[in-house]
Amino acid sequence: MKYLELAVGSVLVYNFVLSRFLGICPFLGVSKRLGTAMGMSGAVIFVMTLASCCTAAVQRYLLRFNIGGKEIRLDFLQILVFILVIAALVQLVEIILQKVSPALYKALGIYLPLITTNCAVMGAATLNAKAERSVLDSTLFGFFSGVGFALALLLFASLRERLELSEVPRFLQGTSIALITAGILAMAFSGFAGFC
């Protein structure tokens, strides 16, 4: 039951993009085409899951430890260490994508390195540390949060592709209709608030 609540809460109720409003830059930047949105979704899920696992382990075993019965807390280094871990994981994803799918690597462009500074990835790591979750719980939280990010991104990308085929008034075309659509999508997700 605990993991079901964690999954539903992370994907639907406390969605990083549509409820917490974190990770908006890649959400708006990569959502013009469904193909690039799927690639970014996979990259974010991978990075968010591994980052949550690694940062939880670092938080639990390196930033807090006992020496001679006295607890040493290096929490002031948390943000710095988390950024380093996330940056290393993003570099790993970049190298893999460049080798495996050069077309997707080129399509994602600048948004792939932006995962390093994606507030959603850092937010998941920080929320795990604040809640003092175990490494397993943190990893699951990161995975389900990534799935929630992917769900929001894919829904938004499919809506934007559909809007391109629709007759939108001239003064609403482009970014305006995208922001209005994102707002309506966020309002729809707020209906899940009663689940958890």
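Scroll up to find the structure.
Criteria and thresholds
Throughout this document, residue positions are counted from 1 along each chain, in the order its sequence is written. Given that the model is predicted, a residue must reach a pLDDT of at least 70 before its local features are reported, and side-chain atom pairs must reach 80 or more before they are shown or counted; all residues, however, enter totals for whole chains, interfaces and linings. The side-chain numbers reported here are obtained from all heavy atoms of the structure, hydrogens and water having been left aside. Salt bridge, as applied in this entry: a Lys or Arg side-chain nitrogen positioned within 4 Å of an Asp or Glu carboxyl oxygen. Helical segments are the DSSP runs of H or I of at least four residues, strand segments are the runs of E of at least two, and each set is numbered from the N terminus. Each residue gets one of three labels from its accessible area relative to the maximum for its type: buried under 20%, exposed over 50%, partly exposed in between, using a 1.4 Å probe on protein chains only. Each patch is assembled from residues with relative accessible area greater than 30% and no salt bridge, linking like charges that lie within 9 Å and nonpolar side chains (Val, Leu, Ile, Met, Phe, Trp, Tyr) that lie within 5 Å. Computed with a 1.4 Å probe, the accessible areas rest on the Shrake-Rupley method; for each residue, only the protein chains presented here act as cover.

**Quick notes on the pattern of salt bridges**
Step number 1: Per the counting criterion, the structure on display carries 5 salt bridges.
Step number 2: We note a salt bridge from Asp75 to Arg64, for which the minimum N-O separation is 3.2 Å. Here Asp75 is found in the loop between strand S2 (70–73) and helix H4 (78–100), whereas its partner Arg64 is found in strand S1 (residues 64–67), with 11 residues between them in sequence.
Step number 3: You can call Asp75 partly exposed: its relative accessible area is 25%.

**A look at a nonpolar patch on the surface**
Step number 1: A contiguous nonpolar patch, built from Phe46, Leu92, Ile96 and Val100 and spanning about 360 Å² of accessible area, is present on the exposed surface.
Step number 2: For the nonpolar patch, the element with the highest residue contribution is H4, accounting for 3 residues.
Step number 3: Relative to the helices and strands, Phe46 is located in helix H3 (residues 34–61).
Step number 4: With relative accessibility at 35%, the residue Phe46 sits in the partly exposed group.

Any functional reading would require information beyond the geometric quantities listed.
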